[in-house]
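# Architecture at a glance
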Amino acid sequence: MIDIEFVIPICLNGKYLNRINNFLKYGIINYNNNSIKITILVDREENNLLNQLKNPNNHNLKIVECPIGHEACKVYFYFSHYDKRDLDSTRWIAKIDDDSVNDVGLLVKKLVEEYNCDEKYYIIAGLQQDIDSIEQNLLWELGYGDWFDYNNMIGNHIIHEKEGSIVSRAGLRAILTNPKAIEFLLKRSYIDCGYTDQALAAAARICKIYPSSPLFLTHEPTLSNFSIFGGKLAHVHFIAEDINESIFKILKSKIDNKIANFPFVEKYYKLSNSFE
């Protein structure tokens, strides 16, 4: 049984090759040896570059070739073609980015404590209400235009994740067996623009699955609140060498030295806005 599957659209060009290699070494921390699978979404060109991919922690990797290279197309192609039989052996499916850091043990523990994989859940890091015209137009075509009736203020907004989400196997099974949800995801998977954090929310909403935003996930780079530094977060975002080298070095040093529970001491600090 797979405790959790991580689904990640990647690029193997330029700085992104280094990023995914760093992610496979430092982004999935699995000290408890939970059963996991990392599904990497590539296009045909990237499939020819897979020999440059490193897997020093011997993660269970699954490579999926997608027809279009845009990251949103990769994500929605994968979910719209997900094999329902795999849900019999997978509890949770997480869609995340390769500039995130994840404590698998804490993540699985909190999911077990606060949720049930055999009930329908769409769990998100951050709350967003903006929906691009791409998603809106497809939903109008499928008969959900009243969700965007802003003029009289009675229309519903779709709340979606910011960067990352986790779907229970029951939640994904509901999406996969709903004809309109699948039609929506299939059409979206061939539009090569937009973002990866909206259409899955819309598909869940079609199935009457509403988002839950727990305290153990964040879309922000709050590394000091991450679990291995004594915090309560199992997932943080915007942590990558090409985004902020000094912060990434702190994470790298912590993991390489295998110091799991000591606070920041005898260090120099740089204080800044999270998104500078």
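Placed above this text is the structure.
Below you will find a few notes about this structure. Every chain begins its residue count from 1, and numbering advances along the sequence as written. Owing to the predicted nature of the model, reporting of local features is limited to residues with pLDDT of at least 70; listing and counting of side-chain atom pairs is limited to 80 or more, with chain, interface and lining totals taken over all residues. Just so you know, side-chain values use all the structure's heavy atoms and leave hydrogens and water out.

Our next topic: the overall build of the protein chain. For the purposes of this entry, the term helix denotes a DSSP run of H or I that reaches at least four residues, the term strand denotes a run of E that reaches at least two, and both are numbered from the N terminus. Per the secondary structure count, the protein chain includes nine helices and ten strands. For the protein chain, the C-alpha radius of gyration of 19 Å lies close to 19 Å, the compact-globule estimate for 276 residues. Considered along the principal axes of its C-alpha atoms, the protein chain spans approximately 60 × 45 × 35 Å. Partly exposed describes any residue whose relative accessible area lies between the buried limit of under 20% and the exposed limit of over 50%, with all areas from a 1.4 Å probe on protein chains only and scaled to the type maximum. Each of the 276 residues in the protein chain was classed as buried or not, and the buried ones make up 53%. Computed over 30 positive and 36 negative side-chain charges, the separation of the two mean positions in the protein chain equals 5 Å. Computation of the radius of gyration draws on C-alpha atoms alone. For the globule rule, the value is 2.2 Å times the number of residues to the power 0.38. The charge count treats Lys and Arg as positive and Asp and Glu as negative. His and the chain ends do not count. Charge placement uses NZ in Lys and CZ in Arg. For Asp and Glu, CG and CD serve respectively.

The buried fraction of helix 8 (residues 199-206) is high, at eight of eight residues. Turning to helix 8, its buried residues number three or more, namely Ala199, Leu200, Ala201, Ala202, Ala203, Ala204, Arg205 and Ile206. Two residues or fewer past helix 8, Lys208 is found with a positive phi of approximately 60°.

Turning to the environment of Thr90, a few remarks are in order. Inspection of the secondary structure assignment puts Thr90 in strand 5 (residues 90-95). The spatial distance from the C-alpha of Thr90 to the C-alpha of Arg169 is 6.8 Å, given a sequence separation of 79 residues. Residue contacts are counted whenever heavy atoms from the two residues lie within 4.5 Å of one another. The residues contacting Thr90, other than those within four sequence positions of it, are Met1, Ile2, Glu5, Tyr82 and Arg169. Polar contacts involving the side chain of Thr90 include one to the main-chain carbonyl oxygen of Asp86, which spans 3.0 Å. Identification of polar contacts relies on pairs of N or O atoms within 3.5 Å, with a donor-acceptor requirement for protein atoms, meaning one able to donate a hydrogen and the other able to accept it, and with residues adjacent in sequence counted only if both atoms are side-chain atoms.

Another aspect to go through is the side chain of Glu163. Following the sequence through the fold, Glu163 ends up in the loop between helix 5 (133-141) and strand 8 (164-168). Salt bridges are defined by distance alone: a side-chain nitrogen of Lys or Arg within 4 Å of a carboxyl oxygen of Asp or Glu. With no salt bridge to any partner, buried Glu163 finds its closest opposite charge in Lys95, at an N-O distance of 6.2 Å. Polar side-chain contacts of Glu163 include one of 2.8 Å to the side chain of His235.

Before going further, it helps to examine empty space enclosed by the protein. Lining residues are defined by having an atom within 4 Å of a point belonging to a cavity or pocket. Those points lie on a 1 Å grid over the protein atoms alone, cavities being sets where a 1.4 Å probe fits but cannot get out and pockets being open sets with protein on both sides within 12 Å along at least five of seven lines. Grid points are joined across faces, edges and corners, and a volume is the space filled by probe spheres set on the points. A full pass over the atoms with the stated rule returns two cavities of 30 Å³ or more. Counting residues per element, the lining of the largest cavity draws most heavily on helix 1 (residues 15-27), at five residues. Each pocket or cavity is described by its volume, and for the second largest cavity that value is around 50 Å³. Lining the second largest cavity, in full, are Phe6, Ala94, Ile96, Asn102, Leu107, Ala125, Gly164, Ser165, Ile166, Leu217 and His235. Take the lining of the second largest cavity: its biggest share by element is three residues, from strand 8. For the lining of the second largest cavity, the per-class residue count stands at seven nonpolar, four polar and no charged. Three classes are used, and their members are as follows: Ala, Val, Leu, Ile, Met, Phe, Trp, Tyr, Cys and Pro are nonpolar, Asp, Glu, Lys and Arg are charged, and the others, Gly among them, are polar.

With that out of the way, let us pick up the sheet that holds strand 1 (residues 2-9). Strand order in the open sheet formed by seven strands is 4-3-1-5-8-7-9, with mixed pairing between adjacent strands. Because the sheet does not close on itself, it has two edges, and the strands there are strand 4 (61-65) and strand 9 (211-212). For two strands to be treated as a pair, DSSP must find no fewer than two bridges joining them. Where strand 7 (residues 122-125) and strand 9 come together, two bridges link them in parallel fashion. Residue pairing for strand 9: Ile123 is matched across the bridge by Ser212. For helices, the axis comes from a line fit to the C-alpha atoms of the stretch in contact; other axes are also lines fit to C-alpha atoms, and the angle between any two N-to-C directions lies between 0 and 180 degrees. Its contacts with the sheet put helix 6 (residues 169-176) on strand 5 and strand 8, and the angle it makes with strand 8 is roughly 85°.

This paragraph deals with the packing of helix 7 (residues 179-188) against helix 8. Where helix 7 meets helix 8, the axes come as close as 8 Å, and the angle between the chain directions of the two elements is 165°. Regarding the angle of helix 7 to helix 8, the classification is roughly antiparallel. Crossing of helix 7 over helix 8 shows right-handed handedness. Between helix 7 and helix 8, the residues in contact are Lys180, Ala181, Phe184, Leu185 and Arg188 and Ala199, Leu200, Ala202, Ala203 and Ile206, respectively. Orientation labels follow simple angle bins: below 35 degrees gives roughly parallel, above 145 gives roughly antiparallel, 65 to 115 gives roughly perpendicular, and whatever is left gives oblique. Crossings are assigned a handedness: left-handed for a near helix turned anticlockwise from the far helix by less than a right angle, right-handed for a clockwise turn.

So, on to the sheet that holds strand 10 (residues 235-236). What links the strands of a sheet is backbone hydrogen bonding, and the strands pair in either a parallel or an antiparallel sense. Taken in spatial order, the three strands make up an open sheet running 2-6-10, and their pairing is mixed. With one partner strand each, in any of the chains shown, strand 2 (28-29) and strand 10 form the two edges of the open sheet. As paired elements, strand 6 (residues 101-103) and strand 10 share two bridges and run antiparallel to each other. The residue bridging Val101 from the neighbouring strand is Val236, located in strand 10.

All right, on to the packing of aromatic side chains then. Each Phe, Tyr or Trp ring, with Trp reduced to its six-membered ring, pairs with another whose centre is within 6.5 Å; inter-plane angles below 30 degrees give stacked pairs, above 60 give edge-to-face pairs, and intermediate values give tilted ones. Inspection of every chain in the model, using the stated rule, returns six aromatic pairs. Both rings, one in Tyr26 and one in Phe248, keep their centres 5.8 Å apart while their planes meet at 90°; by these two values the pair is edge-to-face. Pair noted here: Tyr26 is in helix 1 and Phe248 is in helix 9 (residues 245-256), with a separation of 222 residues, a long-range link. Across the pair, exposure class does not vary: Tyr26 and Phe248 are buried alike. Site record: aromatic cluster; members linked through ring pairs are Tyr78, Phe79 and Tyr82. For Arg205, the ring lying beneath its charged end belongs to Trp147, and the centroid distance is 4.7 Å. In this analysis the charged atom, NZ for Lys or CZ for Arg, is taken to sit over a ring once it is within 6 Å of the ring centre and within 35 degrees of the ring normal.

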